[in-house]
Amino acid sequence: MSQFTPDADWLHWHQSPSVPGYKAPAGAVDAHCHVFGPGDQFPFAPERKYTPCDASRDQLWALRDHLGFSRNVIVQATCHGADNRALVDALNHSNGLARGVATVKASITDEELDALHAAGVRGVRFNFVKRLVDALPFDDLTLIAERIKRLGWHIVIYFEAAELPDLYDFFTSLPTTVVVDHMGRPDVTKPVDGEEFGLFLKLLEENPNFWSKVSCPERLSISGPDGGYLDVVPFARTVVERFPERVLWGTDWPHPNMKSHMPDDGKLVDMIPLIAPTEALQHKLLVENPMRLYWAE
Ligand SMILES: O=C(O)c1cc(C(=O)O)oc(=O)c1
């Protein structure tokens, strides 16, 4: 028996995802995914807002191979707080095929940052989604941003679209490359050329240090899997076509906090040609961009 019981409404990740019809280019990177525990080995953080099922590094590598991908970027999941041991363990057992994005506190030492770098961490995540975390004070985040600059790391930000107006000035004050998770979580019932998504596009347009992940149609879609998540496509495609050098794609496996359904990861891969319609765009999205950001050396 595990010491952790997943939340009662927790949906297990898909047990038999389809083999995608779309063949990703050689060297493709799944640039947003997570590991959970296993909890008995790497306990979930006491301050977590959810308790997931386990999702181990070996299960992630199996999915990578099944989907025809080559590499992963593992983003520290909030259920592990600022305890990056599960992430570091995964990186250390990846044969160099995974990089990481950690969560740290302002009190982290330079030696601890150096150790994370040696393991393959290349960024930190600042999370503002209230159902997931109690966000750190801006002063702490500013301090962390200054501290990681010397390592050439970037900052990954996760927020709700409705919060962007309030966070905009803080975001644009950040001194590093900044990567936005899941396109800033647009409300896809609003127009792609409307005010809300317009602000997000302005953020990318006016700040060349900003990148976006065009991920998580399953989270953002209202039409859902039966509608092929097609309501999300215009948003993702707009970002890919306007900022082809600054986009990343990821599965978001094991899809924390999905309540309506659990996506078939193979079907998510099959959406790539809809959001990146040419081979050149697909190569940038899946290979060139993530390699530049995570495997530059
Ligand atoms: O929307 C979410 O629930 C979610 C959660 C986490 C996490 O808990 O780290 O990460 C994500 O990328 C998305």
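These numbers were taken from a predicted model, which means no experiment stands behind them. (Residues numbered from 1 in each chain as written. Predicted model: local features only at pLDDT ≥ 70, side-chain atom pairs only at ≥ 80, totals over all residues. Heavy atoms only, no water.)

Caption draft 1: Structural detail: the overall build of the protein. Regarding its fold elements, the protein presents eleven helices and eight strands. For 297 residues, the compact-globule estimate of 2.2 N^0.38 gives 19 Å, and the protein sits close to it at 18 Å. Going through the 297 residues of the protein one by one, you find that 58% of them count as buried. Accessible area for the protein stands at about 12200 Å²; split by element, carbon and sulfur atoms hold 53% of it. For the protein, the centre of its 28 positive side-chain charges and the centre of its 41 negative side-chain charges are spaced 2 Å apart. (Helix = DSSP H or I, 4+ residues; strand = E, 2+ residues; numbered from the N terminus. Rg over C-alpha atoms; globule rule 2.2 N^0.38 Å. Buried < 20%, exposed > 50% of the residue type's maximum accessible area, 1.4 Å probe, protein only. Areas by Shrake-Rupley, 256 points an atom, 1.4 Å probe, with all protein chains shown as cover. Lys, Arg positive; Asp, Glu negative; His and termini not counted. Charge placed at Lys NZ, Arg CZ, Asp CG, Glu CD.)

Caption draft 2: Representation of the site of the ligand within the structure. The immediate surroundings of the ligand are formed by 16 residues, with Y50, T78, R125, R131 and Y158 found nearest. Interatomic distance of 2.7 Å between a side-chain N/O atom of R131 and an oxygen atom of the ligand. The separation between an oxygen atom of the ligand and a polar side-chain atom of D252 is 3.4 Å. Coverage of the ligand by the protein amounts to 100% of the 330 Å² it exposes when considered alone. Looking at side-chain class alone, the shell around the ligand contains five nonpolar, six polar and five charged residues. (Near = heavy atom within 4 Å. Polar contact = N/O pair within 3.5 Å; in protein donor to acceptor, adjacent residues only side chain to side chain. Nonpolar A, V, L, I, M, F, W, Y, C, P; charged D, E, K, R; others polar.)

Caption draft 3: Region of the structure containing the packing of helix α5 (residues 164–172) against helix α6 (residues 195–206). Two numbers describe how α5 lies on α6: the axes approach to 11 Å, and their chain directions differ by 10°. When the axes of α5 and α6 are compared, the pair comes out roughly parallel. Touching L164, P165, Y168 and T172 of α5 are L199, F200, K202, L203 and E206, all from α6. (Axes fitted to C-alpha atoms, helices over the stretch in contact; angles between N-to-C directions. Parallel < 35°, antiparallel > 145°, perpendicular 65-115°, else oblique. Contact = heavy atoms within 4.5 Å.)

Caption draft 4: Seen up close, the state of the cysteines. Summed over the entire model, instances satisfying the criterion amount to zero disulfides. C216 supplies the cysteine sulfur nearest to C33, a cysteine that is in no disulfide, at a spacing of 11 Å. Look at C33 and you get buried, because its relative accessible area is 0%. (Disulfide = S-S within 2.5 Å.)

Caption draft 5: Quick look at the environment of P244. Here P244 is to be found in the loop between α8 (233–242) and β8 (247–248). Residues P244 and P46 lie 198 residues apart in sequence; the distance between their C-alpha atoms is 40 Å. Discounting residues that sit within four places of it in the chain, P244 has contacts with V239, L281, K284 and N289.

Caption draft 6: View of the sheet that holds β8. The parallel open sheet is built from eight strands, whose spatial order is β1-β2-β3-β4-β5-β6-β7-β8. Every other strand in the sheet has two partners, leaving β1 (29–33) and β8 as the edge strands with one partner each. Pairing analysis gives three bridges linking strand β5 (residues 154–158) to strand β6 (residues 178–180), with the strands arranged parallel. By the bridge assignment, V156 is partnered in β6 with V179. (Pairing = 2+ DSSP bridges.)

Caption draft 7: Quick peek at the pairing of β5. Among the five residues that make up β5, five are buried, leaving the element largely enclosed by the rest of the structure. Alternating positions in β5 separate into two faces, H154, V156 and Y158 on one and I155 and I157 on the other, with burial throughout. Following the backbone out of strand β4 (residues 121–127), through helix α4 (residues 138–149) and into the adjacent parallel β5, one traces a crossover that is right-handed. Regarding topology, α5 serves as the crossover connection from β5 to the parallel β6, and that connection is right-handed. (Right-handed = clockwise from strand over helix to strand, strands pointing away.)

Caption draft 8: The arrangement of the packing of aromatic side chains in detail. If you walk through the whole model with that rule in mind, you get 15 aromatic pairs. Ring centres 4.9 Å apart and planes at 65° place the aromatic pair F4 and F44 in the edge-to-face group. With F4 in the segment before β1 and F44 in the loop between β1 and α1 (57–67), this pair connects stretches of sequence that are 40 residues apart. Summarising the burial analysis for this pair, F4 and F44 share the class buried. A centroid spacing of 6.1 Å and a plane angle of 70° characterise the contact between W10 and F36, whose relative ring orientation is edge-to-face. On the criterion of sequence distance, the pair formed by W10 in the segment before β1 and F36 in the loop between β1 and α1 is long-range, its members being 26 residues apart. Classification of F36 by relative accessible area gives buried; the value is 0%. Among the aromatic residues, those joined into a cluster by ring pairs are F128, F138, F159, F170 and F171. Above the face of the W295 ring, R71 is positioned so that its terminal group lies 4.9 Å from the ring centre. (Phe/Tyr/Trp six-rings, centres within 6.5 Å; stacked < 30°, edge-to-face > 60°. Lys NZ or Arg CZ within 6 Å of the ring centre and 35° of its normal.)

Caption draft 9: The UniProt feature "domain: Amidohydrolase-related" (unreviewed entry) in the protein, seen in detail. Using the residue numbers shown here, the UniProt feature "domain: Amidohydrolase-related" (unreviewed entry) corresponds to residues 29–294. Between the C-alpha atoms that bound residues 29–294 the distance is 10 Å, and the span itself is 38% helix and 14% strand. (UniProt positions renumbered as here; feature names shortened; annotations may be inferred.)

Caption draft 10: How the structure looks around the side chain of T51. Looking at the secondary structure, you find T51 in the loop between β1 and α1. There is a polar contact of 2.8 Å between the side chain of T51 and the side chain of R48. Here T51 is in contact with F4, T5, P6, D7, W10 and F44, once residues within four sequence places are set aside.

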